[in-house]
Amino acid sequence: MADEITPGAPAPHKMPLPHAPAGQDRPVPPAEPNPSRWGRVDDEGNVYVRTADGERAVGVWQAGTPDEGLLHYARRFDDLRTEVELLATRLSSGAGDPKQALTTATQLRGGLAEAAVVGDLAALGSRLDRIVEKAEGALANAKQEREVARSAAIGRKQALAEEAEQIAAESTQWKVAGDRLRAILDEWKTIKGVDRKTDDELWKRFSKAREAFNRRRGSHFAELDKQRAVAKSRKEELIGEAESLVDSDDWGPTAGRYKDLMAEWKAAGRAPKETDDALWQRFRAAQDKFFARRSAVFSERDAEFATNATQKEELLTEAEKIDPAANLDAAKAHLRRIQEQWDEIGKVPRERIRELDGRLKAVQDRIREVEDNRWRRTDPEAQARVEQFRERVHQFETQAEKARAAGDDRRAKKAEEQAAQWREWMEAAERAVADR
């Protein structure tokens, strides 16, 4: 709106003013250095600005010279130009709010037609057009970025909700799963940009999954508490039996029963944590007391058996000198006498039983091996097979001689071949008997 327009002022005359072609953004020149280029003051003090459509009255100047008045309105234009440039700079740098920039630029552009200034309004208008265009583009980009971010946020929350649902349905690693659900909740709180409706739907899924997991975990531990109570009762029964066997002198069967009790203890499962260790100490103490008693008795007995072991070592020294190859019958008789003395001596310490018995068995095996070899060499069936083969060899040799004498070389050759085959078998049978 023009400032202080005097009624009845002469109509402004039109003067062409260069302006930026559409689509271009030329710099806005300052008006103060050359205000007369952009306007004038007539003799009555009316101030005009030149526009593409001709001159437009912007005010009246009567406080000084026309040049001073023109300079005043030029400075007002430069103030407006500075405001526009600052707006453009903030928008280009990203420091300004595109929405606010668009509002401000639109308002300034809309007020140019009535602005009480003198300057290049066409260039300033073009500059504001570009600012509006950039602000609209920035708003569109921001909207697109928000949509991308929203989609990403929705996708992430969907993934977290699905993971929570899977945990709720499948996981039995209660501590690990519980920690993971808490971590999901922490991450969930950091995800922004989801519209309220979608966010509420996803939150309901996640919350439902957490509740389902907590119910399943609670049921598990409730059942576990029941099982542990049963285990406690069973272990108390096993302790009672273990303690009742402490003074038993029936060493073998009692030791076996303790072994069975240990297997039953393991099968009973864990009792409540605060009592399981104490129950085990009682059970273990009963076992230790019995086996300590047994160990003391066995140690005393083993000391008595040490002399027996020494006597059996002397017998073994004698037995290991037996030579069954020299005289088998004498060797067998000698071994029988040693075995009788062996039995009369009695038991030896437990840790020596395998060693001593093994040495005696080695002597027995050596005598038995010599006896078996002698029997095989005198086996009547083997000797009979040798004689049978020898008789067949004799028969075919006789046939060959008769055929040769009769001039029948073909029959003689065949009989000789058969004799050779049976001789080979006879020799093999003789070697088998000799090797025994």
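Rules and cut-offs
Every chain's residues receive numbers from 1 upward, in the order its sequence appears when written. The model is predicted, so local features are restricted to residues of pLDDT at least 70 and side-chain atom pairs to those at 80 or more, both for listing and for counting; the totals for chains, interfaces and linings are taken over all residues. The side-chain figures draw on all heavy atoms in the structure; neither hydrogens nor water molecules are used. Here a strand is any run of E in DSSP of at least two residues, a helix any run of H or I of at least four, and the numbering for each starts at the N terminus. When accessible area is computed with a 1.4 Å probe and restricted to protein chains, residues below 20% of their type maximum are described as buried, those above 50% as exposed, and intermediate ones as partly exposed. In this description, accessible areas are obtained by the Shrake-Rupley approach with a 1.4 Å probe, and a residue is regarded as covered only by the protein chains that are shown. Under the convention used throughout, the expected extent of a helix is 1.5 Å for every residue step, that is, one less than its residue count. Residue contacts follow a heavy-atom distance rule, with two residues in contact if any of their heavy atoms lie within 4.5 Å. Should DSSP find at least two bridges between two strands, the strands are regarded as paired. Every axis in this analysis is a line fitted to C-alpha atoms, fitted for helices over the stretch in contact. Angles between the N-to-C directions lie between 0 and 180 degrees. Here, nonpolar core means buried Ala, Val, Leu, Ile, Met, Phe, Trp, Tyr and Cys residues that are tied together by side-chain atoms lying within 4.5 Å of each other. Note: domain ranges come from an automatic or database domain assignment. Salt bridge, as applied in this entry: a Lys or Arg side-chain nitrogen positioned within 4 Å of an Asp or Glu carboxyl oxygen. Roughly parallel covers angles under 35 degrees, roughly antiparallel covers those over 145, roughly perpendicular covers 65 to 115, and oblique covers all other angles. The crossing is said to be left-handed when, going from far helix to near helix, the turn is anticlockwise and less than a right angle, and right-handed when the turn is clockwise. Charged means Asp, Glu, Lys or Arg here, nonpolar means Ala, Val, Leu, Ile, Met, Phe, Trp, Tyr, Cys or Pro, and polar covers whatever is left, Gly included. Positive charges come from Lys and Arg, negative ones from Asp and Glu, while His and the chain ends are left out of the count. Nitrogen and oxygen atoms within 3.5 Å of one another constitute a polar contact, given that in protein one can donate a hydrogen and the other can accept it, and given that sequence-neighbouring residues count only through two side-chain atoms. Two rings belonging to Phe, Tyr or Trp (six-membered ring only in the last case) form a pair when the distance between their centres is within 6.5 Å. Interplanar angles under 30 degrees mark stacking, angles over 60 mark edge-to-face geometry, and anything in between is tilted. Geometrically, a lysine NZ or arginine CZ counts as sitting over a ring once it is within 6 Å of the ring centre and also within 35 degrees of the ring normal.

(A) Spatial organisation of the overall build of the protein chain. Within the protein chain, the regular secondary structure consists of eleven helices and three strands. What you see in the protein chain, going N to C, is helices and strands ordered as β-β-β-α-α-α-α-α-α-α-α-α-α-α. The C-alpha extent of the protein chain, read off along each of the three principal axes, is 170 × 95 × 40 Å. Within the protein chain, the fraction of its 436 residues that count as buried is 33%. With an accessible surface of roughly 27100 Å², the protein chain has 50% of that area assigned to carbon and sulfur atoms.

(B) How the structure looks around helix H5 (residues 196-244). For H5, built from 49 residues, the straight-helix expectation of 72 Å at 1.5 Å per residue is met to within 8% by its first-to-last C-alpha distance of 71 Å. Against the buried residues of H5 lie helix H3 (121-170), helix H4 (174-190), helix H6 (251-268) and helix H7 (273-319).

(C) Region of interest: the sheet that holds strand E1 (residues 39-41). Taken together, three strands build an open sheet; the order of strands is E1-E2-E3 and the sheet is antiparallel. Both outer strands of the open sheet, E1 and strand E3 (54-60), are each paired with one neighbouring strand and no more. Taking each pair of neighbouring strands and ignoring which way they run, the sheet shows an average axis angle of 25°. Note that E1 and strand E2 (residues 46-51) share three bridges and pair antiparallel. Bridged to Arg40 within E2 is Tyr48.

(D) Region of interest: the pairing of E3. For E3, the buried fraction is high: six of the seven residues fall into the buried class. Here E2 hands over to E3 after two residues, the two strands then running antiparallel side by side.

(E) Spotlight on the nonpolar core. Membership of the largest hydrophobic core comes to 33 residues, with the highest contact counts inside it found for Val47, Val58, Phe77, Val118, Leu124, Leu128 and Ile131. Elements supplying a minimum of two residues to this core: E2, helix H1 (66-93), helix H2 (98-111) and H3. With nine residues, H1 is the largest single contributor of residues to this core. For Phe77, the residues in contact, after removing those within four places along its chain, are Val28, Pro29, Ala31, Val117, Val118, Gly119, Asp120, Leu121 and Leu124. If you look at the next biggest cluster of nonpolar residues, it comprises 19 residues, including Ala168, Trp174, Leu185 and Ile191.

(F) Highlighting the domain arrangement of the protein chain. By the assigned domains, the protein chain splits into domain 1 (35-146), domain 2 (156-225), domain 3 (228-286), domain 4 (301-377) and domain 5 (380-435). Each of domain 1 and domain 5 has a C-alpha centre, and the two are 140 Å apart.

(G) Molecular detail of the pairing of E2. Of all the six residues making up E2, six are buried; the element is thus mostly covered by neighbouring parts of the structure. Side chains of E2 alternate between two faces, with Asn46, Tyr48 and Arg50 and Val47, Val49 and Thr51 buried alike. Where E1 hands over to E2, the hairpin turn is made up of four residues, of which Gly45 adopts a positive phi near 90°. Note: E2 against E3, six bridges, orientation antiparallel. Counted as the bridge partner of Arg50 is Glu55 from E3.

(H) Molecular detail of the pattern of salt bridges. With the rule as written, the count across this model stands at 33 salt bridges. In this structure, the salt-bridge partner of Arg182 is Asp179, at a minimum N-O distance of 2.2 Å. You can see Arg182 and its partner Asp179 sitting in helix H4, three residues apart, about one turn around the helix. By relative accessible area, Arg182 is classed as partly exposed at 48%.

(I) Representation of the packing of H3 against H4 within the structure. One can describe the packing of H3 onto H4 by two numbers: an axis separation of 11 Å at closest approach and a directional angle of 160°. With respect to each other, H3 and H4 are oriented roughly antiparallel. In this structure, H3 meets H4 at a crossing whose hand is left-handed. In contact with Arg156, Lys157, Leu160, Ala161, Glu163, Ala164 and Ile167 of H3, H4 contributes Ala177, Arg180, Leu181, Ile184, Glu187 and Trp188. Classifying every residue of the contact of H3 with H4 gives eight nonpolar, no polar and five charged.

(J) Just the packing of H4 against H5, in detail. Interaxial distance between H4 and H5 falls to 11 Å at its minimum, and their mutual angle equals 160°. Taken together, the axes of H4 and H5 lie roughly antiparallel to each other. In this structure, the crossing between H4 and H5 has a hand that is left-handed. Note on element contacts: H5 touches H4 through Asp199, Leu202, Trp203, Phe206, Arg210, Phe213, Arg216, Arg217, His220 and Phe221, opposite Trp174, Ala177, Gly178, Leu181, Ile184, Leu185 and Trp188. Here the contact of H4 with H5 is built from residues that sort into eleven nonpolar, two polar and four charged.

(K) Up close: the side chain of Arg50. Counting through the fold element by element, Arg50 comes out in strand E2. Glu55 provides the closest opposite charge to the buried, unpaired Arg50, separated from it by 4.2 Å. A distance of 3.1 Å separates the side chain of Arg50 from the backbone oxygen of Arg37, its partner in a polar contact. In terms of polar contacts, Arg50 uses its side chain to reach the backbone carbonyl oxygen of Gly39, at 3.4 Å.

(L) Region of the structure containing the packing of aromatic side chains. Scanning all chains against the criterion turns up 14 aromatic pairs. Members of the aromatic cluster, each reached through a chain of ring pairs, are Trp251, Tyr258, Phe290 and Phe291. Residue placement shows Arg392 over the ring face of Trp422; its charged tip is 5.1 Å from the ring centre.

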